[in-house]
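# Notes for the structure review
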There are 4 protein chains.
Amino acid sequence: LSGNSRTASEATGFGRIVAFSDGVMAVAITLLVLNLDVPDLPSSREGELDDKLFDLLPSLAAYALAFALIGRYWVIHHRFFESLRAFDVTLMGLNLMFLALIVLMPFSTELFDRYSDEPMAAAAFGATLGLAGLVHLAMVRHVLRKGFVHQHERRVSEPFGGAIALSLAVVFLLSVPAAFLSVWLAQLMWISAIVVRYPLRRLGR
Amino acid sequence: LSGNSRTASEATGFGRIVAFSDGVMAVAITLLVLNLDVPDLPSSREGELDDKLFDLLPSLAAYALAFALIGRYWVIHHRFFESLRAFDVTLMGLNLMFLALIVLMPFSTELFDRYSDEPMAAAAFGATLGLAGLVHLAMVRHVLRKGFVHQHERRVSEPFGGAIALSLAVVFLLSVPAAFLSVWLAQLMWISAIVVRYPLRRLGR
Amino acid sequence: LSGNSRTASEATGFGRIVAFSDGVMAVAITLLVLNLDVPDLPSSREGELDDKLFDLLPSLAAYALAFALIGRYWVIHHRFFESLRAFDVTLMGLNLMFLALIVLMPFSTELFDRYSDEPMAAAAFGATLGLAGLVHLAMVRHVLRKGFVHQHERRVSEPFGGAIALSLAVVFLLSVPAAFLSVWLAQLMWISAIVVRYPLRRLGR
Amino acid sequence: LSGNSRTASEATGFGRIVAFSDGVMAVAITLLVLNLDVPDLPSSREGELDDKLFDLLPSLAAYALAFALIGRYWVIHHRFFESLRAFDVTLMGLNLMFLALIVLMPFSTELFDRYSDEPMAAAAFGATLGLAGLVHLAMVRHVLRKGFVHQHERRVSEPFGGAIALSLAVVFLLSVPAAFLSVWLAQLMWISAIVVRYPLRRLGR
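Parameters at a glance
Starting afresh in each chain, residues are numbered from 1 along the sequence in its written order. Written order decides the labels, with chains lettered from A and ligands numbered from 1. It should be noted that, the model being predicted, local features are given only for residues of pLDDT at least 70 and side-chain atom pairs only at 80 or more, the latter also being counted only at that level, while totals for whole chains, interfaces and linings use all residues. Side-chain measures were taken over the full set of non-hydrogen atoms in the model, leaving aside hydrogen atoms and water. A run of DSSP states H or I qualifies as a helix once it reaches four residues; a run of E qualifies as a strand once it reaches two. Both are numbered from the N-terminal end. The rule is simple: take the accessible area with a 1.4 Å probe, protein chains only, and divide by the maximum for that residue type; under 20% is buried, over 50% is exposed, in between is partly exposed. In this description, contact between two residues means that some pair of their heavy atoms is separated by no more than 4.5 Å. The term buried area denotes the loss of accessible surface (1.4 Å probe radius) that occurs when two parts are joined, taken as the sum for both partners. Throughout this description, the term salt bridge denotes a Lys or Arg side-chain nitrogen within 4 Å of a carboxyl oxygen of Asp or Glu. A cavity, in this analysis, means grid points on a 1 Å lattice covering only the protein atoms where a 1.4 Å probe fits yet has no way out; a pocket is instead an open set bounded by protein on both sides within 12 Å along at least five of seven lines, and a residue lines either one if it has an atom within 4 Å of a point. Grid points are joined across faces, edges and corners, and a volume is the space filled by probe spheres set on the points. For this classification, the nonpolar set comprises Ala, Val, Leu, Ile, Met, Phe, Trp, Tyr, Cys and Pro, the charged set comprises Asp, Glu, Lys and Arg, and every other residue, Gly included, is treated as polar. A residue counts toward the fit only if its pLDDT is at least 70 in both copies, and the copies are then superposed by least squares on the C-alpha atoms of those residues. Like-charged residues within 9 Å of one another, or nonpolar side chains (Val, Leu, Ile, Met, Phe, Trp, Tyr) within 5 Å, are grouped into patches, provided each residue has over 30% relative accessible area and no salt bridge. Residue-level accessible areas treat just the shown protein chains as cover; the underlying method is Shrake-Rupley with a 1.4 Å probe. Positive residues here are Lys and Arg, negative ones are Asp and Glu, while His and the chain termini are left out of the count. Lys charges are placed at NZ, Arg charges at CZ, Asp charges at CG and Glu charges at CD. By the criterion applied in these results, polar contacts are pairs of N or O atoms within 3.5 Å in which, for protein atoms, one can donate a hydrogen and the other can accept it, and in which residues neighboring in sequence qualify only through two side-chain atoms. The span expected for a helix works out to 1.5 Å for each residue beyond the first. The axes used here are C-alpha line fits, helices contributing only the stretch in contact, and every angle between their N-to-C directions lies in the interval 0 to 180 degrees. Here is the rule for angles: anything less than 35 degrees is roughly parallel, anything more than 145 is roughly antiparallel, 65 through 115 is roughly perpendicular, and the remaining ranges are oblique. A clockwise turn of the near helix away from the far one marks a right-handed crossing, whereas an anticlockwise turn of less than a right angle marks a left-handed crossing. Note on aromatic pairs: the rings of Phe, Tyr and Trp (six-membered ring only in Trp) are paired at centre separations within 6.5 Å, and the planes decide the class, stacked below 30 degrees, edge-to-face beyond 60, tilted for the rest. How sure the predictor is of each residue is captured by pLDDT, a score from 0 to 100.

## A closer look at the overall build of chain A
- Within chain A one finds nine helices and two strands.
- Each helix and strand of chain A, ordered N terminal to C terminal, gives the series β-α-α-α-β-α-α-α-α-α-α.
- In chain A, which comprises 205 residues, the proportion classed as buried is 59%.
- Expressed as a percentage of contacts within chain A between residues at least 6 apart in sequence, the contacts between residues at least 24 apart total 81%.

This is how it looks when you write it as structure tokens:
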């Protein structure tokens, strides 16, 4: 270990990074609900509430998608930090960058939901998640290079680092140009990032 | 244990799922307060504040009800995770679905509070909680089938799984059609879910 | 110990109540900032920003007061739970009631700040904190009666229960009628609840 | 140790202060996203979304800056509390004051972003961070005087206290008068507080 790192036995310090990250992701995922606006009808037209709620379905779908994608990144973050036995200042900086991108998600989701036909809005949504994937990939590469990964986790983590973080970054970044071809194509790519089985099975091991 | 699960001794990983869930539920329960809007009166009519605050009482009641119901689900979630000695990816996915429904509660509550006479709004409120109950029931069934429950908890957990999760899901889902008969009936059913004694006593053992 | 309680050695369960409570109070105290609205000036009159910021000073003072009072309750809650070795369902229910009142604080603070001359607004602010104090007193009485307090803490906790929780409840509840005599008197009573030395010294032991 | 302090072995109590602080900072850093407003265009002019998003770039930059600065304070707070073996009521009070200033950041950031040419807005932004630095410095001085720092940390902590906390407080407080000379100069000073290497290297040991 380089002199620049801390041992995992200093569990308090380690636990706090994780707790802070969990807190930030928990708040970000919950703020997604603020995107769902209760329809405002004059009392004479309250009977039209059914129609208005029906109009909210795309917003609900966007909510569910964003919740699932932040949730997916949380699972990956969770698995990643579990495999570490040390950290350094660079990792803390990268982690803050990762969190800053996750925290943008309530904004990106509202933007995409409000302008669901505009390629630019879909591109912003994909770019937020793609950049988060890139930063996560940088974290994986950093800890492997520095040797911060538990020995018995290396066999899992190396393909893990190479597979999930890379595949998510690639899928989301490719969805940015794809959005200018078709917003639907971009959405399909995002959904594929939730349901694809290979990295999930890897996580479960 | 199937190879697909993790031992509870990997307490960090386990602790993080619980901490993330607690964080999400804590934020969701607190966002309920954003539903209470401070009345806006021109300075010439500030004397009417008493009346306006009086008009807020139904909103306060909806706040208290939603707080109690999220709180009840938190107690159940708490008791449920305490009884586990392992988890897998399926449980994490179900848990995220459960949280996504709890996070909808500030929206459902505001909708019901704004349109308290509309069956559709009450139905949405009941459906949110009913689906959360169903997903919780699926979690209980999953861990019992996989054998993730501490041996000495099985006797408690099996009726627990059969009783609370099922009864909450049933009461809330039945309140959806009931809302179209009478919004008051639906509300009575929700309140019964807070005060009913049987599952509470079970929890306290 | 009655059969209705759990030993503190089941530290996970205990830790979660505390973590959830901390989460709720942390979100509630942070939502206070949403009460501070950035002044909205047309670009031709941006030079008047200084005056507008000056007008925000009472809101800043209300923010500081509410932050200090929630902070004070958090310190008391912290000290209280530290002294416990067991809990039961009743304590969890009372704790949820306590949290529901703390979560109302961003609303009560905004109400008081918006209508700082109206006795009714000050009364609502005082009542929120007074009821929180009463519920806390009920928690203290409950755990002393049930014997949930560590033996070596009893000597501290019994006057603690009798002193802090009671004195805060009394001061805040008395500020409700006092607000109808003079809003300033009520404010003085709230400030006294922050700076009064006796219970602070007790806490520090 | 004075009789007024608690040993670090009472890890629960200590852990809660840290957890509460983390929670507050996690919520405050996440609320920054509420400052980013999705542009509101009539459907006939949705094609102008690109321009509107382009106009959001300064707001995004302000978001990134504020995120980095709160993140920096979190890293410092993290490192500071890790070095402690005891705490007292004074430290808890100072910590609450520190948190109250961090929680103001979403407001200060929105103010500065909305009035980026007004010296007064930049001064408020700098003053919020400068006061947070001063309170942190007071915390460092307090624990060194009381002897709450682990022996093997003293050599690190004493320059640490003298260097980081002081330098941040000085840079941010000097940016207040600097803002009245040039808002750009103030911004440069804030950015320097992120990238300056000396205290970072100290942290990394």
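## Digging into the interface of chain C and chain B
- Taken together, the 32 residues of chain C in the interface contact 36 residues of chain B.
- With both sides pooled, the region where chain C packs onto chain B buries about 3100 Å², and carbon together with sulfur makes up 71% of that total.
- Remark: the boundary between chain C and chain B carries one salt bridge.
- Among the salt bridges present, the one from Asp40(B) reaches Arg114(C), with a minimum N-O distance of 2.9 Å.

## Describing the layout of surface pockets
- Size it by volume and the second largest pocket reaches roughly 940 Å³.
- Lining the second largest pocket are 34 residues; nearest its centre among them are Leu34(A), Leu34(B), Asp37(B), Leu34(C) and Leu34(D).
- Elements that contribute at least two residues to the lining of the second largest pocket include exactly helix H5 (105–114) of chain B, helix H5 (105–114) of chain C together with helix H5 (105–114) of chain D.
- Its residues assigned to classes, the lining of the second largest pocket comprises 24 nonpolar, three polar and seven charged.

## Points about the relation of the copies chain C and chain D
- Mapping chain C onto chain D calls for a rotation angle of 90 degrees and an axial translation of 0.0 Å; the resulting RMSD is 0.0 Å. What the rotation and shift describe, once combined, is the action of a four-fold rotation axis.
- When the interface residues of chain C are mapped onto chain D, a mere 8% of them are again interface residues, pointing to distinct binding faces.

## Points about a negative patch on the surface
- A cluster of like negative charges, contributed by Asp37(A), Glu110(A), Asp37(B), Glu110(B), Asp37(C), Glu110(C), Asp37(D) and Glu110(D), occupies part of the molecular surface.
- When you line up the elements, Asp37(C) lands in the loop between helix H1 (11–31) and helix H2 (49–55).
- Look at Asp37(C) and you get exposed, because its relative accessible area is 52%.

## Quick notes on the interface of chain C and chain D
- Between chain C and chain D, the residue contacts involve 37 residues of the former and 33 residues of the latter.
- Roughly 3100 Å² is buried in total at the junction of chain C and chain D, and carbon and sulfur atoms are behind 71% of that figure.
- A per-residue breakdown of the area chain C buries against chain D is headed by Thr30(C), Val38(C) and Trp74(C), which together make up 18% of the total.
- The interface formed by chain C and chain D includes one salt bridge.
- Taken together, chain C and chain D are joined by five residue pairs in polar contact (both at pLDDT 80 or more).
- With eleven residues, helix H3 (residues 57–82) of chain C is the largest single contributor of residues to the side of chain C that touches chain D.
- Looking at the side of chain C that touches chain D residue by residue, the classes come out as 23 nonpolar, six polar and eight charged.

## Structural notes on helix H4 (residues 89–103) of chain A
Residues and elements named next belong to chain A.
- Here H4 contains 15 residues, and its C-alpha end-to-end distance of 21 Å stays within 8% of the 21 Å for a straight helix at 1.5 Å per residue.
- Where burial is concerned, most of H4 is hidden: eleven out of the 15 residues are buried.
- Buried within H4 we find Leu91, Met92, Leu94, Asn95, Leu96, Phe98, Leu99, Ala100, Leu101, Ile102 and Val103.

## Brief notes about the relation of the copies chain C and chain B
- Expressed as a screw transformation, the operator carrying chain C onto chain B has a rotation angle of 90 degrees and an axial translation of 0.0 Å, and the superposed copies differ by an RMSD of 0.0 Å.
- Comparing contact sets, just 9% of the residues at the interface of chain C also lie at the interface in chain B, consistent with a heterologous contact between different surfaces.

## A word on the packing of helix H5 (residues 105–114) of chain A against helix H6 (residues 119–146) of chain A
All names here are of chain A.
- One way to put it is that H5 packs onto H6 with a least axis distance of 8 Å and a crossing angle of 155 degrees. Considering the angle they form, H5 stands roughly antiparallel to H6. As for how H5 packs across H6, the hand of that crossing is left-handed. Along its contact with H5, which presents Met105, Ser108, Thr109, Leu111 and Phe112, the element H6 presents Ala121, Ala122, Ala124, Phe125, Thr128 and Leu129.
- Of the residues in the contact of H5 with H6, the class split is eight nonpolar, three polar and no charged.

## Considerations on the pattern of salt bridges
All names here are of chain C.
- All chains considered together, the criterion is met by eight salt bridges over all chains.
- Ionic pairing is found between Glu48 and Arg45, a salt bridge with its closest N-O pair at 2.9 Å.
- Looking at Glu48, the relative accessible area reads 30%, which means it is partly exposed.

## Quick look at the packing of aromatic side chains
- Tallied over the full model, the rule gives 32 aromatic pairs over all chains.
- For the pair Phe125(A) and Trp190(A), a centre-to-centre distance of 4.3 Å together with 40 degrees between the ring planes defines the contact as tilted. Placement of Phe125(A) in helix H6 and of Trp190(A) in helix H8 (residues 183–195) is noted, with a sequence separation of 65 residues between them. The two residues Phe125(A) and Trp190(A) agree in class, both being buried.
- A centroid spacing of 4.3 Å and a plane angle of 15 degrees characterise the contact between Trp74(B) and Phe20(C), whose relative ring orientation is stacked. A residue pair is termed interchain when its members come from two chains, as with Trp74(B) in helix H3 (residues 57–82) and Phe20(C) in helix H1.
- Note on Trp74(B): relative accessible area 3%, which makes it buried.

## Looking at the confidence of the model for chain A
Residues and elements named next belong to chain A.
- Here chain A shows a mean pLDDT of 83. Residues at 70 or above account for 83%.
- Predicted confidence in chain A is weakest over strand S1 (residues 6–7), with a mean pLDDT of 40, and strongest over H5, with 94.
- Here residues 1–10 is a poorly scored stretch, pLDDT under 50, and it has 26 contacts once near neighbours within four places are set aside; other chains count.
- This stretch, residues 198–205, has a pLDDT under 50; its non-local contacts, to residues over four places away or in other chains, come to 19 contacts.
- Both scores are available for the predicted complex, with the pTM at 0.88 and the ipTM at 0.84.

## Let's talk about the side chain of Ser59(B)
- Position of Ser59(B) relative to the elements: it lies in helix H3.
- When residues no more than four places from it in sequence are discounted, the contact partners of Ser59(B) are Leu36(B) and Asp113(B).

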